[in-house]
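Tertiary structure, described
This is what each chain is made of:
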Amino acid sequence: MRRTPLALLVPLAGCLGSVHRPVCEEVAATEVADDEVTPAGTAAELLQRVTFDGELPATWADGAATTAAVAVTRGEGPAAWVELRSSEEVTRRVGFGALYLLVAVTCDDHLRVPTKAFVATDDGALEVSAAGEATVVPDQPSGRLVFEGAFAEAVLPPGDRDPADYEGRASFVEASYDELGLLEGAAGWTGERTTADYQEAVAERVITFARE
């Protein structure tokens, strides 16, 4: 059996560097009742802002106008007051030295409430059910909602990208809200693709909707 000289192995070990990425680490999540007061208010107050059940003007990805039935409701499970702290995630990479990513990450303690969303069009071309969490930080009445669902259970029209070309597919609904309620949002699908030349992660917004 041919043996590789040790002298050839030593330089290769030096080719491994590291990537340092700032992240938020969850320190504690304390369950709270919907009417229990936290530094960010109560879960009931948050739900009053984000819940919605009605029709909104919507637009397909090609610019065509339509109407979407949108519902955001309370999900399963308790609300929680979540405490975070800044941390660092270190991964290995090919190359010399350490790479420190200058990414701004804000780790705010927050109130989170399980929620779920449903978006559908009257013509049956789109129907997405997804689950997620509504969150709010102290002294900030606005925020975003992100929900994820099973791609196989979603009804989505064909688009420019073929979902069959992607792995790890999921359906999604996203929305923003302010002190007056739901502002705008979108529904679609996500996926990842790896070729010999590149890696691609997509979030295909099939339909968007907005409060009048």
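Reference entry: report on the structure contained in this document. As the structure is a computational prediction, the values presented were derived from the model and not from experiment. (Residues numbered from 1 in each chain as written. Predicted model: local features only at pLDDT ≥ 70, side-chain atom pairs only at ≥ 80, totals over all residues. Heavy atoms only, no water.)

1. Examining the pairing of strand 9 (residues 167-178)
Burial analysis of strand 9 places 9 of its 12 residues in the buried class, the great majority of the element. Where strand 8 (residues 143-150) meets strand 9, 8 bridges bridge the pair, whose relative direction is antiparallel. Among the inter-strand pairings, V146 is bridged to a residue of strand 9, identified as E174. Relative to strand 10 (residues 181-194), strand 9 runs antiparallel, the two sharing 10 bridges. Paired with S176 across the bridge in strand 10 is E184. Turn length for the strand 9-strand 10 hairpin, with the two strands adjacent in sequence and antiparallel, is 2 residues. (Buried < 20%, exposed > 50% of the residue type's maximum accessible area, 1.4 Å probe, protein only. Helix = DSSP H or I, 4+ residues; strand = E, 2+ residues; numbered from the N terminus. Pairing = 2+ DSSP bridges.)

2. Brief notes about the pattern of salt bridges
Scanning the entire structure with this criterion turns up 10 salt bridges. For R112, the salt bridge identified is with E26, shortest N-O distance 3.1 Å. Placement of R112 in strand 6 (residues 110-121) and of E26 in strand 1 (residues 16-32) is noted, with a sequence separation of 86 residues between them. The residue R205 makes a salt bridge to E174 at a minimum N-O spacing of 2.7 Å. Placement of R205 in strand 11 (residues 199-210) and of E174 in strand 9 is noted, with a sequence separation of 31 residues between them. Salt bridges sharing partners connect three or more residues here, namely R161, R193, E200 and E204. (Salt bridge = Lys/Arg side-chain N within 4 Å of Asp/Glu carboxyl O.)

3. A short note on the pairing of strand 6
The element strand 6 is largely enclosed, with a buried count of 10 among its 12 residues. Pairing analysis gives 7 bridges linking strand 3 (residues 65-74) to strand 6, with the strands arranged antiparallel. For T73, the partnering residue across the bridge sits in strand 6 and is K116. Two elements, strand 6 and strand 7 (residues 127-136), share 10 bridges in a ladder whose sense is antiparallel. Considered in strand 7, the bridge of A117 is made with A130. Between strand 6 and strand 7, which follow one another and run antiparallel, lie 5 residues, and G124 among them has a positive phi close to 80°.

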